[in-house]
Amino acid sequence: MLRSLLIYLSKAHWAQRLVTRWGLAWRAASRFIAGTKIEDAIRVIRELNARGINVTLDHLGEHTSSTEEASDATLAIIRTLGALKKSGLCANVSIKLSQIGLGLDEQICRQNLERILAKAREYHNFVRIDMEDTPYTDQTLSLCREMRRKGYRHIGVALQSYLYRTEADARALLADKTPIRLVKGAYQEPASKAFPKKADVDANFDLLSKLMLDAASAPRAPRASPDGCIPPIPAIGTHDPKRIEFAIQYAGKIGLPKNAFEFQMLYGIRRDLQEQLRKDGFSVRVYVPFGMHWYPYFMRRLAERPANLWFFISNFLRK
């Protein structure tokens, strides 16, 4: 029930107006968000790269309400790619299609996505499409496949293990060698579309990890680029030690090299686990968000783990 409330609040404009006025809210959110400016993000990327950790950078934003906002968001992402190129640091980008117009008009989104992909190709970089809630799933996957057919092979997508449909989606994407970031899912979905029980979500996560690792072991499967910007096919996105251990053991069983897959984690969460995996020789990439539109992302992080919510409340009570 608490999770449902927090996810509702993540979409409520009245709550966003209220919470973003609190200086305390930003202080708590900054645990998970690099800052509001690209300079803040570059500083964090430099620190992570120095520790041997790669990055995917998210210029925060979603559900734009006009074509002008979608165009502005597209330009901001293109500028982010330019800043990464100029910095020489190891980071690619993650985007949400609702940020660049998917909720307004699919053709507008298509045009904006192609502009971003063209610039990323020019800069020899990679674009990951974040998966949003189920009203956008079919369109998201369709646009990803369309762009790859057009020759933009430097694009991947995130999939969510709590959806019943994800196994079929993963098999289809892997047949085309599409890079996948696997996550459990951070939205509220009905039982008709998503596993209600955590144990089932976890079991499906392990099954999907297995499929991705098998795909990475196939002959001529694409590997990560030497600079780390282009990821391998499997990105195991979790902080759950049991899911991580399953992936490690299965990869070892099939003889998959450690650089043929990567673990992805969120900025500000389980740094100790990130460091241990790097120490053990695994590839680690941290998802680093930045920008002014931090509120929905922050609320979903609170919804995911009670410890995050307690961190926020305990800081509030100290004031």
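Residues numbered from 1 in each chain as written. Predicted model: local features only at pLDDT ≥ 70, side-chain atom pairs only at ≥ 80, totals over all residues. Heavy atoms only, no water.

Draft legend 1. Layout of the overall build of the protein chain. Helix and strand counts for the protein chain stand at 13 helices and eight strands. Within the span of the protein chain, comprising 319 residues, buried residues form 55% of the whole. By sequence separation, contacts in the protein chain at least 24 residues apart represent 75% of the contacts at least 6 residues apart. With the model as given, the accessible surface of the protein chain reaches about 14200 Å², and the carbon-plus-sulfur share is 55%. (Helix = DSSP H or I, 4+ residues; strand = E, 2+ residues; numbered from the N terminus. Buried < 20%, exposed > 50% of the residue type's maximum accessible area, 1.4 Å probe, protein only. Contact = heavy atoms within 4.5 Å. Areas by Shrake-Rupley, 256 points an atom, 1.4 Å probe, with all protein chains shown as cover.)

Draft legend 2. Quick look at the packing of helix 5 (residues 67-87) against helix 6 (residues 106-122). Two elements in contact, helix 5 and helix 6, have axes separated by 9 Å at closest approach and are oriented at 10°. Taken as axis vectors, helix 5 and helix 6 run roughly parallel relative to one another. Along its contact with helix 5, which presents Thr67, Ala70, Ser71, Thr74, Leu75, Ile77, Ile78 and Leu81, the element helix 6 presents Ile108, Asn112, Arg115, Ile116, Lys119 and Ala120. When grouped by side-chain class, the residues that make up the contact of helix 5 with helix 6 number eight nonpolar, four polar and two charged. (Axes fitted to C-alpha atoms, helices over the stretch in contact; angles between N-to-C directions. Parallel < 35°, antiparallel > 145°, perpendicular 65-115°, else oblique. Nonpolar A, V, L, I, M, F, W, Y, C, P; charged D, E, K, R; others polar.)

Draft legend 3. Fine view of the confidence of the model for the protein chain. On average, residues of the protein chain carry a pLDDT of 89, and 85% of them reach 70 or more. Note on residues 315-319: pLDDT is under 50 here. Beyond four places in sequence and across chains, it has four contacts. (pLDDT = per-residue confidence, 0-100.)

Draft legend 4. Focus on the pairing of strand 5 (residues 180-183). In terms of strand pairing, strand 4 (residues 155-160) meets strand 5 through four bridges, oriented parallel. Bridge pairing links alanine 158 to arginine 181 in strand 5. Read from strand 4 through helix 8 (residues 166-175) to strand 5, the crossover connection turns out right-handed. Handedness of the β-α-β unit built from strand 5, helix 9 (residues 198-216) and strand 6 (residues 234-237) comes out right-handed. (Pairing = 2+ DSSP bridges. Right-handed = clockwise from strand over helix to strand, strands pointing away.)

Draft legend 5. Region of interest: the pattern of salt bridges. Enumeration over the complete set of coordinates arrives at 25 salt bridges. Residues aspartate 138 and arginine 165 are paired through a salt bridge, measuring 2.9 Å at the closest nitrogen-oxygen approach. Highlighted residues: aspartate 138 in helix 7 (residues 137-149) and arginine 165 in the loop between strand 4 and helix 8, separated in sequence by 27 residues. Judged by its relative accessible area of 52%, aspartate 138 falls in the exposed class. Judged by relative accessible area, which is 30%, arginine 165 ranks as partly exposed. (Salt bridge = Lys/Arg side-chain N within 4 Å of Asp/Glu carboxyl O.)

Draft legend 6. Inspection of the packing of aromatic side chains at higher detail. Within this structure, the stated rule accounts for five aromatic pairs. With centroids separated by 4.7 Å and ring planes inclined at 80°, the aromatic side chains of tyrosine 164 and phenylalanine 195 adopt a geometry described as edge-to-face. With tyrosine 164 in the loop between strand 4 and helix 8 and phenylalanine 195 in the loop between strand 5 and helix 9, the pair connects residues that are 31 residues apart, well separated along the chain. A relative accessible area of 38% places tyrosine 164 in the partly exposed class. Under the relative-accessibility criterion, phenylalanine 195 is labelled partly exposed at 22%. (Phe/Tyr/Trp six-rings, centres within 6.5 Å; stacked < 30°, edge-to-face > 60°.)

Draft legend 7. Looking closely at the nonpolar core. Leu97, Leu113 and Val288 are the most contacted members of the largest nonpolar core, which has 70 residues in total. At seven residues, the largest contribution of residues to this core is made by helix 9. Ignoring sequence-local partners within four residues, the contact set of leucine 113 consists of Ile95, Leu97, Ile100, Ile129, Leu143 and Met147. Residues Ala29, Phe32, Leu60 and Leu266 belong to the second largest nonpolar core, which totals eight residues. (Core = buried A, V, L, I, M, F, W, Y, C linked by side-chain atoms within 4.5 Å.)

Draft legend 8. Looking closely at the side chain of aspartate 202. The residue aspartate 202 is located in helix 9 in this model. For aspartate 202, a relative accessible area of 9% corresponds to the buried category. At a separation of 2.9 Å, a polar atom in the side chain of aspartate 202 contacts the side chain of lysine 184. A distance of 3.5 Å separates a polar atom in the side chain of aspartate 202 from a polar atom in the side chain of arginine 243. Apart from residues no more than four positions distant in its own chain, aspartate 202 is found in contact with Lys184, Asp240 and Arg243. (Polar contact = N/O pair within 3.5 Å; in protein donor to acceptor, adjacent residues only side chain to side chain.)

Draft legend 9. Region of the structure containing the environment of leucine 208. Within the fold, leucine 208 resides in helix 9. With 28 residues separating them in the primary sequence, leucine 208 and isoleucine 236 have C-alpha atoms 9.5 Å apart. Excluding its chain neighbours within four sequence positions, the residues that come into contact with leucine 208 are Ser161, Thr166, Glu167, Ala170 and Leu182.

Draft legend 10. Fine view of the side chain of arginine 285. Structurally, arginine 285 can be placed in strand 8 (residues 283-290). Here glycine 228 takes part through its backbone oxygen, which lies 2.6 Å from a polar atom of the side chain of arginine 285.

Draft legend 11. Structural context of the environment of glutamine 188. Topologically, glutamine 188 is positioned in the loop between strand 5 and helix 9. Take glutamine 188: its relative accessible area is 39%, and that puts it in the partly exposed class. Considered as a pair, glutamine 188 and aspartate 133 are 55 residues apart in the sequence and their alpha carbons are 7.8 Å apart.

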